Amino acid sequence: MSAAQQISRETSPLGDDSLLSHPLFGGGLPPLAEGCLAQAGQNYSADNLAEHYLGEAQKLAPNHFAVLIAFYRYYFYKGRLNEALAISNICMAKAAREKNFSTDWRAVEKNDAAFGEYDDVIARFFMFCLKGYAYLSLRLGDMAEGRAAIEKLLQLDAGDKINARLLLGIIERREDDDE
């Protein structure tokens, strides 16, 4: 069992493997790929080595959620925002295919999934990816794209359990400062 799975099990209200076996939590990740991801993390400061291990993990488990998340986090924390943005698009499309709704986030509708519910982990993952996409768009200076993504988040999850309004507030403050 991976360290992440052990921590999740200890803090999970379910206390069992039902949720932990989901690919979003590392379920189904081959042990060799998990080892490569661990090596990538341990060699984070050595870009070539970290990227080598990420690539090896991808070869062993192409398009596994854990590998995609590792790439996203690596690019994000390295400040390679365009690459992180590309991964967020890949992640959203993967989640959309799994939930059988449009891979174009602009065409996703509120009834396509239980976006406002914590139990639907793929729908929640889609929402987090879209939030990351919005944030990265804003950081890269594409305010219109970031705002559109935030508005889609709020449309899909009117209760705003993902805190998209926080990003909207940043845009609005920036617009107020520009006036």
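Residues numbered from 1 in each chain as written. Predicted model: local features only at pLDDT ≥ 70, side-chain atom pairs only at ≥ 80, totals over all residues. Heavy atoms only, no water.

S.K.: Can you walk me through the packing of aromatic side chains in this structure?
M.R.: In total, this model carries 11 aromatic pairs according to the counting rule given. An aromatic cluster of three or more residues is present, and its members are Tyr44, Phe71, Tyr74 and Tyr75. Sitting over the ring of Tyr44, Lys78 keeps its end group 4.2 Å from the ring centre. Sitting over the ring of Phe65, Lys94 keeps its end group 4.7 Å from the ring centre. (Phe/Tyr/Trp six-rings, centres within 6.5 Å; stacked < 30°, edge-to-face > 60°. Lys NZ or Arg CZ within 6 Å of the ring centre and 35° of its normal.)

S.K.: Please explain the packing of helix H3 (residues 31-42) against helix H4 (residues 47-60) as it appears in this structure.
M.R.: The axes of two packed helices give the description: the angle between them and the distance between them. At a closest axis distance of 8 Å, the pairing of H3 and H4 adopts a crossing angle of 165 degrees. One element, H3, and the other, H4, form an angle in the roughly antiparallel class. Crossing handedness for the pair H3 and H4: left-handed. On H4, the residues touching Leu32, Ala33, Cys36, Leu37, Gln39 and Ala40 of H3 are Ala50, Tyr53, Leu54, Glu56, Ala57 and Leu60. A class-by-class count of the residues in the contact of H3 with H4 yields 10 nonpolar, 1 polar and 1 charged. (Axes fitted to C-alpha atoms, helices over the stretch in contact; angles between N-to-C directions. Helix = DSSP H or I, 4+ residues; strand = E, 2+ residues; numbered from the N terminus. Parallel < 35°, antiparallel > 145°, perpendicular 65-115°, else oblique. Left-handed = near helix turned anticlockwise from the far one by under 90°. Contact = heavy atoms within 4.5 Å. Nonpolar A, V, L, I, M, F, W, Y, C, P; charged D, E, K, R; others polar.)

S.K.: Help me understand the pattern of salt bridges, please; the structure alone is not making it clear to me.
M.R.: Two side chains carrying opposite charge are able to pair once their charged atoms lie near each other. Scanning all chains against the criterion turns up 9 salt bridges. In this structure, Arg80 and Glu83 form a salt bridge, with 2.7 Å as the shortest nitrogen-oxygen distance. Residue Arg80 is classed as partly exposed on the basis of its relative accessible area of 24%. Between Glu145 and Arg106 there is a salt bridge, and its shortest N-O distance comes to 2.3 Å. Here Glu145 is found in helix H8 (residues 143-156), whereas its partner Arg106 is found in the loop between helix H6 (81-99) and helix H7 (121-139), with 39 residues between them in sequence. Each of Glu51, Arg80 and Glu83 takes part in one network of salt bridges that share partners. (Salt bridge = Lys/Arg side-chain N within 4 Å of Asp/Glu carboxyl O. Buried < 20%, exposed > 50% of the residue type's maximum accessible area, 1.4 Å probe, protein only.)

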